[in-house]
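# Coordinate analysis (summary)
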Amino acid sequence: SFVGAAVTLVLSDPYLVATYQSDNLLALVFMLATKTHVRTIQVSTHLRPQSNAAVLDAIVKRAAGMDISMTISYVDDPHHRELQLSNGITVSCDRGLDIYKAPTGNGRCCRNCTIHVLERSARFLAEQSDAVAQVVQQASTTRQSAVVDEAQRLSAFLQASAPAEDDQVLRDTG
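So, a few notes on the structure that sits alongside this text. (Residues numbered from 1 in each chain as written. Predicted model: local features only at pLDDT ≥ 70, side-chain atom pairs only at ≥ 80, totals over all residues. Heavy atoms only, no water.)

### Some words on the overall build of the chain
- Each helix and strand counted, the chain has five helices and six strands in total.
- Walking the chain from its N terminus toward its C terminus, one meets helices and strands in the order β-α-β-α-β-β-β-β-α-α-α.
- Taking as baseline every contact in the chain between residues at least 6 positions apart, the subset at least 24 positions apart corresponds to 72%.
- Roughly 11600 Å² of accessible area belongs to the chain as shown, and the carbon and sulfur atoms make up 55% of that amount. (Helix = DSSP H or I, 4+ residues; strand = E, 2+ residues; numbered from the N terminus. Contact = heavy atoms within 4.5 Å. Areas by Shrake-Rupley, 256 points an atom, 1.4 Å probe, with all protein chains shown as cover.)

In C-alpha cells form, the structure reads like this:
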C-alpha cells in the first residue's frame, strides 16, 4: 500500500545468501510486477551473496521477463536494510527481506521485527527531482522556438513585401 505511484525501488539488504532469502526477493519482485508501477529495482547487498550469484542472476532474468529492470550490486560493508521508493517512502526493517522464517510444512511465519515507514515531503521530492528547473528549461526552449518562428515569419513577410529592383528604378526616375 506504500508503493503508490513509485516506479523505482532501491533495496538494501546484506543478507541474500540462503535459498529462502532469495525466495523472499523473488516474491517481492513478483508482487511489484503484478501489483505496482515499479519497473526498476536496484539491489545492493553484501559481498557474501556472490556465492549465490547464479540464483540472484536467475531472479534478475525472471524480473526482466516481468518487464522489470533489475540490477544487483555487491558492497563491502552494507549496514542498512531498507526499501526506498521513488515516491518518497522508505521502509526500514531491522530484518530486511529476512522478515520470514524459512518455510516449513505450516507455511511461512514472520519473525519478530521492527518496521519503520518514513515519508519524505512533497517539497523534498520536488527539490530532488529538480522539477522546477525542468519546467523552466522546457519553457525557455518553447519561448526560444516561438521567437525564432516569429522572426522567420517577419523575415518572410519583409521579403514578400520588399519592392523589386525594377520598382525602385521606376520610382527614382519617375
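Here the narrative resumes, following the displayed structure.
### Some words on helix H2 (residues 53-65)
- Taking 1.5 Å per residue as the helical rise, H2 with its 13 residues ought to reach 18 Å, and the 18 Å between its terminal C-alpha atoms agrees with that figure.
- Taken residue by residue, H2 has Leu56, Ile59 and Ala63 as its buried positions. Angularly, the buried residues of H2 cover 50 degrees about the axis, an arc narrow enough to put them on a single face. Facing away from the buried side of H2, by more than 90 degrees, are the exposed residues Ala54, Lys61, Arg62, Ala64 and Gly65. (Expected span 1.5 Å × (residues − 1). Buried < 20%, exposed > 50% of the residue type's maximum accessible area, 1.4 Å probe, protein only. Arc of directions from axis to C-beta.)

### A closer look at the pattern of salt bridges
- Evaluation of the coordinates by the stated rule reveals one salt bridge.
- A salt bridge links Arg81 to Asp13; its shortest N-O distance comes to 4.0 Å. Of this pair, Arg81 sits in the loop between strand E3 (69-75) and strand E4 (82-85) while Asp13 sits in the loop between strand E1 (8-12) and helix H1 (19-35), and the two are 68 residues apart along the sequence.
- With a relative accessible area of 1%, Asp13 lands in the buried category. (Salt bridge = Lys/Arg side-chain N within 4 Å of Asp/Glu carboxyl O.)

### Points about the side chain of Ser22
- Along the polypeptide, Ser22 turns up in helix H1.
- The contact partners of Ser22, leaving out residues within four places of it in the chain, are Leu16, Asn52, Val55, Leu56 and Ile59.

### As for a nonpolar patch on the surface
- Among the surface-exposed residues, Leu154, Phe157 and Leu158 lie close enough to one another that they form a single nonpolar patch of about 330 Å² accessible area.
- Secondary-structure assignment places Leu158 in helix H4 (residues 131-161). (Patch = residues over 30% accessible without salt bridge, like charges linked within 9 Å, V, L, I, M, F, W, Y side chains within 5 Å.)

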